[in-house]
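Secondary and tertiary structure notes
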Amino acid sequence: MSEKLNIVLFGPPGAGKGTQSAFLIDRYGLMHLSTGDLLRAEIHAETDLGKAARELMDAGELVADHIVIGMIRNKMEANLDAKGFIFDGFPRTRAQAEALDGMLNAKSEPITCMLALEVPEEELVKRLLGRGATSGRSDDQDEGVIRKRINEYEEKTAPLKEYYASQGKYKGIDGVGSIEDITSRLVEAIG
Ligand code: B4P
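Residues numbered from 1 in each chain as written. Predicted model: local features only at pLDDT ≥ 70, side-chain atom pairs only at ≥ 80, totals over all residues. Heavy atoms only, no water.

Thoughts on the site of the ligand
- Among the 29 residues in the neighbourhood of the ligand, the closest are listed as K17, T35, E61, R131 and R149.
- Between R149 and the ligand, the recorded distance is 2.6 Å, taken from a side-chain N or O atom to an oxygen atom.
- Notes on the ligand: free accessible area 1000 Å², of which the protein chains cover 87%.
- Secondary structure elements with two or more residues in the shell around the ligand: α1 (17-28), α2 (35-44), α6 (121-135) and α9 (179-190).
- The greatest single-element share of the shell around the ligand, amounting to four residues, is contributed by α2.
- Residues of the shell around the ligand, tallied by class, amount to eleven nonpolar, nine polar and nine charged. (Near = heavy atom within 4 Å. Polar contact = N/O pair within 3.5 Å; in protein donor to acceptor, adjacent residues only side chain to side chain. Areas by Shrake-Rupley, 256 points an atom, 1.4 Å probe, with all protein chains shown as cover. Helix = DSSP H or I, 4+ residues; strand = E, 2+ residues; numbered from the N terminus. Nonpolar A, V, L, I, M, F, W, Y, C, P; charged D, E, K, R; others polar.)

Some words on the pairing of strand β1 (residues 5-10)
- When you tally the buried positions in β1, you get six out of six residues, the bulk of the element.
- Pairing between β1 and strand β4 (residues 113-118): four bridges, direction parallel. Note that in β4 the partner of F10 across the bridge is A116. (Buried < 20%, exposed > 50% of the residue type's maximum accessible area, 1.4 Å probe, protein only. Pairing = 2+ DSSP bridges.)

A closer look at the environment of T183
- Residue position: T183 is located in helix α9.
- Between the C-alpha atom of T183 and that of A22, which follows or precedes it by 161 residues, the distance is 10.0 Å.
- Leave out the neighbours within four places in its chain, and T183 touches Q20 and F23.
- A distance of 2.6 Å separates the side chain of T183 from the side chain of Q20, its partner in a polar contact. (Contact = heavy atoms within 4.5 Å.)

Focus: the sheet that holds β4
- The sheet built from five strands is open, its strands ordered β2-β3-β1-β4-β5 with parallel pairing. Edge positions in the sheet fall to β2 (31-34) and β5 (170-174), since each has one partner strand and no second. Within the sheet, the average angular offset between the axes of one strand and its neighbour, ignoring direction, is 20°.
- The strands touched by α2 are β2 and β3 (84-88); relative to β2, the strand with the most contacts, the crossing angle is about 65°. (Axes fitted to C-alpha atoms, helices over the stretch in contact; angles between N-to-C directions.)

Regarding the packing of α2 against helix α3 (residues 48-58)
- Orientation of α2 relative to α3, taken along the N-to-C sense of each, is 120°, at an axis distance of 7 Å. In terms of their interaxial angle, α2 and α3 are classed as oblique. In this structure, the crossing between α2 and α3 has a hand that is left-handed. Touching G36, L39, R40, E42 and I43 of α2 are L49, G50, A53, R54 and M57, all from α3.
- Of the residues belonging to the contact of α2 with α3, the class tally is five nonpolar, two polar and three charged. (Parallel < 35°, antiparallel > 145°, perpendicular 65-115°, else oblique. Left-handed = near helix turned anticlockwise from the far one by under 90°.)

Quick word on the nonpolar core
- Within the largest apolar cluster, 30 residues are counted, with the highest numbers of intra-cluster contacts made by V8, M76, F87, L100 and Y164.
- The set of elements that each furnish at least two residues to this core consists of β1, α2, α3, α4 (65-77), β3, α5 (94-106), β4 and α8 (160-165).
- Sequence-distant contacts of Y164, that is, excluding residues within four places in its chain, are made with V8, P91, A97, L100, I111, M114, K169 and Y170.
- Among the nonpolar cores identified, the runner-up in size contains 23 residues, and L115, V119, I146 and V187 belong to it. (Core = buried A, V, L, I, M, F, W, Y, C linked by side-chain atoms within 4.5 Å.)

Next comes the structure, spelled out in structure tokens:
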């Protein structure tokens, strides 16, 4: 059995996945794989993939499974020596979760746990509008788009809690409070 720590950091948009990943990668020496960051890099580089992704992201919709699965596969294959991975914003659909299990199980390095940050909708909207006011992220500017992202999460992504619970890997974490307190809760859950 593998000793690698492979964490799915999970939660609705604005739950603090990116924020908390920054602390966990330092503490555990893990490689951070954020599909949101990878997609924004494609947008920035003005690739064809980036142009297609931008339209969907600005509409608050998910990007196609085969695109994000391909991006994750490439990054994992380029980093075979990593001590483990934090998957941030991935998987977001059952097809993505099954593809990830396939990739990891083939190497006998399965997901260790899913840490699911729980934050009420109104707090999410407040955080994302706050970030939109300072970061220039186009998908954080419009409350309608933010609520659409939250709906997409509820419909397509939240059911993955069951997927990981059935493997005994789901851990719910209260995502409201100071950033430091939430980091402590995550560290305790990792054990
Ligand atoms: P992502 O980039 O994954 O972003 P996110 O879900 O919006 O945010 P995250 O939860 O990381 O929030 P953060 O820590 O930054 O996705 C963007 C889009 O990309 C998706 O809508 C989709 O279109 C596409 N996409 C990405 N992955 C995909 C996939 N696998 N499949 C299909 N499509 C995909 O925190 C947000 C804000 O809250 C920040 O301003 C932060 O400072 C603040 N904050 C954090 N913790 C806080 C706390 N404890 N208290 C108060 N504020 C806090």
